[in-house]
Amino acid sequence: MSAPAFSATLLELGHFNLAEHFAHEGLEMFGDRPDLVKTAVKVRILKNQPAAASVYLEMLRKNPVHRA
C-alpha cells in the first residue's frame, strides 16, 4: 500500500497526525496529486489550522479540474 492510500485510510480512522505524515510523504514522492492535497486540507481544517489549509487550497486552485 502506498502513501496516498495510507493517508486517506488513516484520515477516515481519525489518525490525523499519521494521515498528515503520509500525505506529505506522498506529496514529496508523487508531486501535487489532488487526492493528497485534499487530504492535507482536511487534516489542517480538522487541526484548526486554516492558514495552513489555505496553502494547500492554493495548490488545488492551480489544477484546472479541481479549481472549483
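See the structure printed just above.
In this numbering scheme, every chain counts its residues from 1 along its sequence in written order. Per-residue local features of the predicted model are confined to residues with pLDDT of at least 70, and side-chain atom pairs are confined, for both listing and counting, to 80 or more; whole-chain, interface and lining totals are unaffected and use all residues. Excluded from the side-chain calculations are hydrogens and water; all other atoms, namely the structure's heavy atoms, are used.

Undergrad: How would you sum up the packing of helix H2 (residues 16-30) against helix H3 (residues 34-46)? Please name residues and give values.
TA: When two helices pack together, their arrangement is given by the angle between the helix axes and the distance between those axes. Angles run from 0 to 180 degrees between N-to-C directions of axes, and those axes are lines fitted to C-alpha atoms, restricted for helices to the stretch in contact. For helices the rule is a DSSP run of H or I covering at least 4 residues; for strands it is a run of E covering at least 2, with both sets numbered from the N terminus onward. Packing of H2 against H3 leaves a shortest axis separation of 9 Å and a crossing angle of 150°. One finds that H2 runs roughly antiparallel with respect to H3. Two packed elements cross with a definite hand, and for H2 against H3 that hand is left-handed. Every residue of H3 that contacts H2 at Phe 16, Ala 19, Glu 20, Ala 23, His 24, Gly 26, Leu 27 and Phe 30 is listed here: Leu 36, Val 37, Thr 39, Ala 40, Val 43, Arg 44 and Leu 46. In this classification, the charged set is Asp, Glu, Lys and Arg, the nonpolar set is Ala, Val, Leu, Ile, Met, Phe, Trp, Tyr, Cys and Pro, and all remaining amino acids, among them Gly, are polar. Residues belonging to the contact of H2 with H3 are distributed by class as follows: ten nonpolar, three polar and two charged. Throughout this description, any angle smaller than 35 degrees is read as roughly parallel, any larger than 145 degrees as roughly antiparallel, any in the 65 to 115 degree range as roughly perpendicular, and the remainder as oblique. Crossing handedness is read from the near helix: turned anticlockwise from the far helix by less than a right angle, it gives a left-handed crossing, and turned clockwise, a right-handed one. By the convention used here, residues are in contact when the closest approach between their heavy atoms is within 4.5 Å.

Undergrad: Requested: an account of the packing of aromatic side chains, with residues and values cited.
TA: The rule is short: rings of Phe, Tyr and Trp, with Trp giving its six-membered ring, pair when the centres are within 6.5 Å, and they are stacked under 30 degrees, edge-to-face over 60, tilted in between. Taken as a whole and assessed by the stated rule, the structure comprises one aromatic pair. Seen from their ring centres, Phe 6 and Phe 22 are 5.0 Å apart, and the 45° between their planes marks the pair as tilted. Residue Phe 6 is located in helix H1 (residues 3-13), and its partner Phe 22 is located in helix H2; the two are separated by 16 residues in the primary sequence. Using a 1.4 Å probe on the protein chains alone, a residue whose accessible area is under 20% of its type maximum counts as buried, one over 50% counts as exposed, and one in between counts as partly exposed. Judged by relative accessible area, which is 32%, Phe 6 ranks as partly exposed.

Undergrad: Would you mind going over H3 in detail, with residue names and values included?
TA: Relative to the 18 Å expected for 13 residues at 1.5 Å per residue, H3 spans 18 Å between its end C-alpha atoms, a close match to the ideal helical length. Within H3, the full set of buried residues consists of Leu 36, Val 37, Thr 39, Ala 40, Val 41, Val 43 and Arg 44. Contacts from the buried residues of H3 go to H1, H2 and helix H4 (50-61). The length a helix should cover is 1.5 Å for every residue beyond the first.

Undergrad: Mind laying out the pattern of salt bridges, listing which residues take part and the relevant values?
TA: Only one rule defines a salt bridge in this text: a Lys or Arg side-chain nitrogen within 4 Å of an Asp or Glu carboxyl oxygen. Tallied over the entire structure, the rule returns four salt bridges. Arg 33 is paired through a salt bridge with Asp 35; the nearest N and O atoms lie 2.8 Å apart. The class for Asp 35 is partly exposed, based on a relative accessible area of 36%. Between Arg 61 and Glu 58 there is a salt bridge, with its nearest N and O atoms 2.6 Å apart. One end of the pair is Arg 61 and the other is Glu 58, both in helix H4 and three residues apart, which spans about a single turn. The structure contains a network of salt bridges with shared partners spanning Glu 20, Arg 44 and Lys 47.

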